[in-house]
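# Tertiary structure, described
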Amino acid sequence: MIAMTEDQLSEIRQHGERDYPFECCGLMLGRFERNGHKDVVEIYPISNAREEEAKRNRFLIRPEELMRGEKYARGNNLDVVGLYHSHPDDRAVPSQYDLEHAWPTYSYIVVTVEKGRATDLRSWEMEPDRTRFNEEGIMSEARA
Ligand SMILES: [Zn+2]
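What comes next concerns the included structure. (Residues numbered from 1 in each chain as written. Predicted model: local features only at pLDDT ≥ 70, side-chain atom pairs only at ≥ 80, totals over all residues. Heavy atoms only, no water.)

## Focus: the pairing of strand β2 (residues 25-32)
The following threshold applies: Relative accessibility thresholds used throughout: buried, under 20% of the residue-type maximum; exposed, over 50%; partly exposed, between the two (1.4 Å probe, protein chains only). Only DSSP runs of H or I with at least four residues qualify as helices, and only runs of E with at least two residues qualify as strands; both kinds are numbered from the N terminus onward. Any two strands with at least two DSSP-identified bridges between them are counted as paired.
Of all eight residues that make up β2, six are buried, and the element is covered over most of its length. Strand direction decides the pairing type here: β2 and strand β3 (residues 38-46), joined by eight bridges, are antiparallel. Considered in β3, the bridge of Leu29 is made with Glu42. Following β2, the chain reverses through five residues before pairing antiparallel with β3; Gly36 in that reversal takes a positive phi of roughly 95°.

Quick look at the structure:
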């Protein structure tokens, strides 16, 4: 279970719409609770302003970008609790590529961006044996 605000969810959707037709990616920063839940405190977008060729490659996040995000998180007493990325004109389900490039313990949010509009948004966790993703519940607080 991952707890997020409506504002954080729309930040991810908007990032996906902004980078359409390319994939966007970023991090969710927050805390791992003792009961296994994750609390998201901040969305950390990672720019996808890369060369055209790199943009066409399907990727999640580069290790050095993850490290930069982790450093920023630690400086703010937070942890990286998950990664998000968009699937332009594709289902909000992790691909085989995503599975091969994922790390355990993190949440993986995938947002569908259909013709430039964010639609479906789902969160996933990888099985410890790395064989597949299971869908994870998103607990979303109402806007204050
Ligand atoms: Zn993907």
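## Describing the nonpolar core
Taken as a class, soluble globular proteins show a tendency for nonpolar side chains to be buried jointly. Spelled out, the test is: Among the buried residues, those of types Ala, Val, Leu, Ile, Met, Phe, Trp, Tyr and Cys that are joined through side-chain atoms within 4.5 Å form a nonpolar core. By the convention used here, residues are in contact when the closest approach between their heavy atoms is within 4.5 Å.
Of all hydrophobic cores here, the largest spans 20 residues; its most connected members are Leu27, Leu29, Ile61, Val80, Tyr108 and Phe133. When contributions to this core are tallied by element, the ones reaching two or more residues are β2, β3, α3 (63-75), β4 (79-88), β5 (107-114) and β6 (117-126). Among the elements that make up this core, the one with the highest residue count is β2 (three residues). If near-sequence neighbours (up to four positions away) are discounted, Ile61 is found in contact with Cys25, Gly26, Leu27, Ile46, Leu66, Leu83 and Trp103. One finds Leu9, Met28, Val111 and Leu121 within the second-largest nonpolar core, a separate group that totals 14 residues.

## Describing the coordination of the zinc ion
For a metal with four tetrahedral donors the ideal donor-metal-donor angle is 109.5 degrees, whereas six octahedral donors ideally subtend 90 or 180 degrees. Condition: Because water is not among the atoms used, a metal site may look incomplete, as its donors are only the N, O and S atoms within 2.8 Å, or 3.2 Å for Na, K and Ca. Just to be clear on the cut-offs, tetrahedral is four donors with all angles between 85 and 135 degrees, square planar is four donors and octahedral six with opposite donors over 155 degrees apart and all others between 65 and 115, and anything else goes down as irregular.
Taken together, His85 (NE2), His87 (NE2), Asp98 (OD) and Asp98 (OD) make up the full set of protein donors to the zinc ion, lying 2.0 to 2.6 Å away. Coordination geometry of the zinc ion: the four donor atoms subtend angles of 54 to 155° at the metal centre, consistent with an arrangement described as irregular. Motif for the zinc ion, donor spacing along one chain: H-x1-H-x10-D. Accessibility expressed as a relative area gives 2% for His85, which makes it buried.

## What to know about the packing of aromatic side chains
Quick note on the threshold: A pair of Phe, Tyr and Trp rings is counted when the ring centres sit within 6.5 Å of each other, with Trp represented by its six-membered ring. The angle between the planes then sorts it: under 30 degrees is stacked, over 60 is edge-to-face, the rest tilted.
One pass over the full model with this rule turns up three aromatic pairs. When the centroid spacing of 6.3 Å and the interplanar angle of 85° are considered together, the rings of Trp103 and Tyr106 count as edge-to-face. When its relative accessible area of 10% is taken as the criterion, Tyr106 is described as buried. Ring centres 5.4 Å apart and planes at 70° place the aromatic pair Tyr108 and Phe133 in the edge-to-face group. Taken together, the residues Tyr108 in strand β5 and Phe133 in strand β7 (residues 133-136) connect sequence positions 25 residues apart. On the basis of relative accessible area, Tyr108 is assigned to the buried category, the value being 2%.

Function-wise, these values are silent; they only describe arrangement.
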